[in-house]
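This is what each chain is made of:
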There are 2 protein chains.
Amino acid sequence: MSLLLEQPVTSADKTFFQLRKDIVDGVILAGSKLSETELSTKYAVSRAVIREAINRLESNHLVERKAHVGARVVALTPEGLAELYQVRESLEGMAARLAAINMTDEEILDLNTLLNSHFQTVKTGETYYQEAGDVDFHYRIILGSKNNHLISILMNGIYHLIRMYRVQLGMVGPRVTTAFDEHRHIAQAISNRDAELAEMLMRRHILYTKNNLLTKLVTESF
Amino acid sequence: MSLLLEQPVTSADKTFFQLRKDIVDGVILAGSKLSETELSTKYAVSRAVIREAINRLESNHLVERKAHVGARVVALTPEGLAELYQVRESLEGMAARLAAINMTDEEILDLNTLLNSHFQTVKTGETYYQEAGDVDFHYRIILGSKNNHLISILMNGIYHLIRMYRVQLGMVGPRVTTAFDEHRHIAQAISNRDAELAEMLMRRHILYTKNNLLTKLVTESF
DNA sequence: TAAGCCAATATTGTCGACAAAACACTCAAT
DNA sequence: ATTGAGTGTTTTGTCGACAATATTGGCTTA
C-alpha cells in the first residue's frame, strides 16, 4: 500500500538510508557533528561508504559540509523553517495544480480511498499513523504531478528535511483533524479537475502547517 | 564584477568544476557514458575523486547513476526541457517576487547598472557576453530573494542544467533584444518594489524563453 | 594574565589494490 | 540462424593506508 519503496542495493545505500532515518528521527541530534571515523566504526563500514552517504545527505539538505573541516547536521531554526516552507508552498502548490491535470482517474480514486482509511485512524488518534498518512497523501499528489524535476526536488531534495521538522516538533491538538479536513478539500478539488483551486487549497494548507510548526519551534525555544 | 566566485579548494572540487563545465559546454556529449577509470586517467586523479565529482554532478541533475552500472550524462529532450522550465518558471517567479521585497536599494542600483552595461554589449552583438550577462542578471535576482533554500535549489540544483540547454541550443535572432527588454521591465518592477508584477513578468519571460528553446530543440531534431 | 606562536594530535582528502557485479563473447544445441 | 548457457573481461563497489589540512594544547613572551 505504501508508496516509494526505494530498495537499497549497495552498502552505501543502506548506510545512507540508516543515517537519514537517524537524523530525521533525531537519534543523531540536529546541529551535531558527523565524524567519519566514528560513523565508520559505528555502522561497521569503511570511510568511503560513509563519505558517499554524507555526500547524499548533503544534497538532501540534511547536512552541511565544509572542506577539510567536516559535516554537520543542519540546525532547526525558525528562519530555516520559514524559508523551507516558503519554497514548499510554491512547489507543492504547483504539484497540486499539475496533479489535478495529470493524475489518472484511477490514481484519484486511490487517493480518495487512502483518505477514507486515514479517517479511521484519525478517529482513534494514533499519532504515528497520522505522520505516515500525511506524508503518504502529499507523496501521491507530488507523484501525480508527473513532472520528474518537481518530483526529484521535493522527494530527494527537501522532503526529508520537512519530515525532520515535523517529526522533531510534532503535530498535535486540534491541528490534526483540521489538517485532515484540508486534505479532503484538496482531494475534492483534484477530483473535480479544478487545478487552480487545488493549488490554492494546497498553498493554504501548507501555510497553516508552517504557522503551527513555527509556533511550536518558538515556544519550545530550541 | 561577476557573481558567485566559488573557489575550488580540493582536488575533487577542481575535477567537479571541470567536469561540469565540459558537460554544460557539450565537450562531453549529452547522453554519453562516464567511465570512472577513463576519467581518472584523463583528469589525472584517483577514481575516488572522480566518484565524488560524479556524485555532485548527480545532485546537479547533470548525470544519472545506476548501481553497478555507472553514470550517464542526461539527454536533452523536449519533454525534459518542458518539465525543467515549468519548475524554473515557478521558482524564479517566486525569486523575483521575494527580490522585490528583500533586495537592498544598493543591490537594486547594481542591478540597473548591470543592465546598462549589458545594453552596450547587446548593441554590438557579442553572443558570448549575452549568455554570461543573462545568467548574471538572473543570478542577482535569485540571490536577492534572500531565501537560502530557494537559492540552493536553483543555483546548485537546476541552473547548470538550464545553462546546458541554453548553451547547446543557443539563443539567437530577435529573441536577444526582446529578452533584454524583458529584463528591463523586470528590473523596473523590482525597483518599484512591485512584487506581484515582478513575479508575473519573470514568469512570462521564462515562458517565452522556454518556447524559443523548445522550437529550436524540435526543429533541430536532436 | 593575555595574546600569539609552535608542536602534537586528530580529522579529512587522496590513493592504489582487491572484491563483486554487470557486460561481452564464444560455443553449443535446437 | 537463433537462443541459451557459460566463461572471460571490464566496470563499479569497498577497503585500508598514507598525505595534507585543521584543531587543540602547551609554551613563550610581552
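By convention here, each chain's residues receive numbers from 1 onward along its written sequence. Both sets of labels track the order of writing: A upward for chains, 1 upward for ligands. Only residues with pLDDT of at least 70 are given local features in this predicted model, and only at 80 or more are side-chain atom pairs given and counted; all residues enter the totals for whole chains, interfaces and linings. Side-chain figures throughout are based on the complete set of non-hydrogen atoms in the structure, without hydrogens or water.

Chemist: Describe the pairing of strand β3 (residues 70-73) of chain B, naming the residues involved and giving the relevant values.
Modeler: Residue and element names in this part refer to chain B. Buried means the residue's accessible area, taken with a 1.4 Å probe over protein chains only, is under 20% of the maximum for its type, while exposed means over 50%, and partly exposed covers the values in between. Only runs of H or I of at least four residues qualify as helices and only runs of E of at least two qualify as strands under DSSP, and these elements are numbered from the N terminus. The side-chain alternation of β3 yields one buried face, formed by A71 and V73, and one unburied face, formed by G70 and R72. Inspection of the sheet shows strand β1 (residues 33-34) paired to β3 by two bridges, in the antiparallel sense. Paired with L34 across the two strands is A71, which belongs to β3. Paired strands, as defined in this entry, are two strands with at least two bridges between them according to DSSP.

Chemist: So, the sheet that holds β1(B): which residues are in play, and what are the values?
Modeler: Residue and element names in this part refer to chain B. The antiparallel open sheet is built from three strands, whose spatial order is β1-β3-β2. At either margin of the open sheet sits one strand with a lone partner, and together these are β1 and β2 (63-66). Relative to β3, β2 is paired through four bridges, and the arrangement is antiparallel. Residue E64 lies in a different strand from β3, and its bridge partner there is R72.

Chemist: I'd love a proper account of the protein's contact with DNA strand D, names of residues and values included.
Modeler: Near, as used in this document, describes a residue that has one of its heavy atoms within 4 Å of the molecule or strand being considered. As a structural note, the neighbourhood of DNA strand D is formed by 22 residues, with S11(A), S46(A), K33(B), R47(B) and R51(B) the closest of them. Among all atoms of DNA strand D positioned within 4 Å of the protein, those belonging to sugar or phosphate total 71%. Interatomic distance of 3.4 Å between a backbone N/O atom of A12(A) and a phosphate oxygen of DNA strand D. Listing elements by their share of the surface near DNA strand D, those giving two or more residues are α1 (11-24) and α3 (47-59) of chain A together with β1, α2 (36-42) and α3 (47-59) of chain B. Contacts described as polar in this section are N or O atom pairs within 3.5 Å, which, within protein, must combine one atom able to donate a hydrogen with one able to accept it, while residues neighboring in sequence count only if both atoms come from side chains.

Chemist: Give a detailed account of the relation of the copies chain A and chain B, specifying residues and quantitative values.
Modeler: Once chain A is rotated about the relating axis by 180 degrees and shifted along it by 0.0 Å, it coincides with chain B to within an RMSD of 0.0 Å. These values place the two chain copies in the arrangement generated by a two-fold rotation axis. No C-alpha of chain A approaches the rotation axis more nearly than that of S59(A), which lies at 3.0 Å. When the interface residues of chain A are mapped onto chain B, 100% of them are again interface residues, pointing to one common binding face. Our superposition of the copies is a least-squares fit, built on the C-alpha atoms of residues whose pLDDT is at least 70 in both. Any two residues whose heavy atoms approach within 4.5 Å are treated as being in contact.

Chemist: How would you summarise the domain arrangement of chain A if you had to cite specific residues and measurements?
Modeler: Residue and element names in this part refer to chain A. Start and end positions for the domains come from either an automated domain assignment or a database one. Domain assignment breaks chain A into domain 1 (11-73) and domain 2 (78-219). Domain 1 puts eleven residues into the contact, and the matching count from domain 2 is nine residues. Buried surface area refers to the total accessible area, computed with a probe of radius 1.4 Å, that the two partners give up upon joining, counted for both partners together. Both sides together, the interface formed by domain 1 and domain 2 hides about 820 Å², and carbon and sulfur atoms give 59% of it. We define a salt bridge as a side-chain nitrogen of Lys or Arg found within 4 Å of a carboxyl oxygen belonging to Asp or Glu. Taken together, the links from domain 1 to domain 2 amount to zero salt bridges. Linking domain 1 to domain 2 there are four residue pairs in polar contact (both at pLDDT 80 or more). Element by element, the count of residues in the side of domain 1 that touches domain 2 is highest for α1, at three residues. Each residue gets one label: Ala, Val, Leu, Ile, Met, Phe, Trp, Tyr, Cys and Pro are nonpolar, Asp, Glu, Lys and Arg are charged, and the others, such as Gly, are polar. Here the residues of the side of domain 1 that touches domain 2 sort into five nonpolar, four polar and two charged.

Chemist: Explain the nonpolar core to me, using residue names and the numbers behind them.
Modeler: Formed by 137 residues in total, the largest nonpolar core has its most connected members in L91(A), I141(A), M164(A), I190(A), I141(B), M164(B) and I190(B). If we ignore the near neighbours within four places in the chain, the residues touching I190(A) are A96(A), A99(A), A100(A), M103(A), I108(A), L111(A), I141(A) and A198(A). We define the nonpolar core as a collection of buried residues of types Ala, Val, Leu, Ile, Met, Phe, Trp, Tyr and Cys that are connected through side-chain atoms lying within 4.5 Å of one another.

Chemist: Now, about the interface of chain A and chain B: what can you tell me, with residues and values included?
Modeler: Contacts between the two partners involve 29 residues from chain A and, on the opposite side, 29 residues from chain B. Carbon and sulfur atoms make up 56% of the surface buried where chain A meets chain B, a total of about 2,300 Å² over both sides. Considering only the side of chain A, the residues that lose the most area to chain B are E83(A), H149(A) and I153(A), jointly responsible for 24% of the buried surface there. Inspection of the region where chain A meets chain B yields four salt bridges. When the shortest N-O distance is used, the salt bridge between E52(A) and R51(B) registers 3.4 Å. In this structure, the connection of chain A to chain B is made through 13 residue pairs in polar contact (both at pLDDT 80 or more). At the level of elements, α3, α4 (78-102) and α7 (148-169) of chain A are the ones that each hand at least two residues to the side of chain A that touches chain B. When residues of the side of chain A that touches chain B are assigned to their parent elements, the largest contribution, ten residues, is made by α4(A). A breakdown of the residues in the side of chain A that touches chain B according to their chemical character gives eleven nonpolar, eleven polar and seven charged.

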